Amino acid sequence: MNVRRFLSSALAVVGPLTSALVLAVATPAATAAANPCGYYATSSDAYYNHCTSDGSHIVIEVEVWGPNYEKCVLPGVTWLGSSSKIDGAWYVGRTC
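Worth saying up front: this structure is predicted, and the values here are computed from it rather than measured.

Explain the side chain of H50 here, please?
Relative to the elements of secondary structure, H50 occurs in strand 2 (residues 45-50). The class of H50 is buried, set by a relative accessible area of 9%. Aside from chain neighbours lying at most four places away, what touches H50 is S56, I58, V73, L74, P75 and G76.

Honestly, the pattern of salt bridges in this entry has me stumped. Any pointers?
Under the defined criterion, the tally for this structure stands at one salt bridge. Residue R94 pairs with E70 through a salt bridge whose shortest N-O separation is 2.5 Å. Of this pair, R94 sits in strand 6 (residues 86-95) while E70 is found in strand 4 (residues 69-73), placing the two residues 24 residues apart along the sequence. On the basis of relative accessible area, R94 is assigned to the partly exposed category, the value being 40%. Owing to a relative accessible area of 44%, E70 belongs among the partly exposed residues under this scheme.

So what exactly am I meant to see when it comes to the state of the cysteines here?
The term disulfide refers to a covalent linkage connecting the sulfur atoms of a pair of cysteines. For the structure shown, the criterion picks out two disulfides. What pairs with C37 in a disulfide is C51, and their sulfur atoms sit 2.0 Å apart. In this structure, the disulfide formed by C37 and C51 twists by about -105° around the S-S bond and is classed as left-handed. Residue C37 is located in the loop between helix 1 (2-34) and strand 1 (38-41), and its partner C51 is located in the loop between strand 2 and strand 3 (58-64); the two are separated by 14 residues in the primary sequence. Residue C37 is classed as exposed on the basis of its relative accessible area of 55%. Here C72 pairs with C96 through a disulfide, and the sulfurs are 1.9 Å apart.

Calculation notes
- Residues numbered from 1 in each chain as written.
- Predicted model: local features only at pLDDT ≥ 70, side-chain atom pairs only at ≥ 80, totals over all residues.
- Heavy atoms only, no water.
- Helix = DSSP H or I, 4+ residues; strand = E, 2+ residues; numbered from the N terminus.
- Buried < 20%, exposed > 50% of the residue type's maximum accessible area, 1.4 Å probe, protein only.
- Contact = heavy atoms within 4.5 Å.
- Salt bridge = Lys/Arg side-chain N within 4 Å of Asp/Glu carboxyl O.
- Disulfide = S-S within 2.5 Å.

All quantities given are derived from atomic positions and should not be read as evidence of function.
Below you can see the structure in the form of structure tokens.
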């Protein structure tokens, strides 16, 4: 009997703590998933998120139907256009 009471009490304490820990860890991941580094698209818009702490401006190549083009982007999120017109974007290896 004592073992059952102990296990029940231990589970009653650990259960809520585990749930709180999972929520605390999941919140930053959800934020990062909302604006990932590099190219990402929503159902309507395409973006490039230049994740940096050094303030650098970089050149990306934007893939579209027809000839691709290059664009200089600042740190943070840059709107590229409609996701129906943008197929992707990537860093080309130089600053601007």
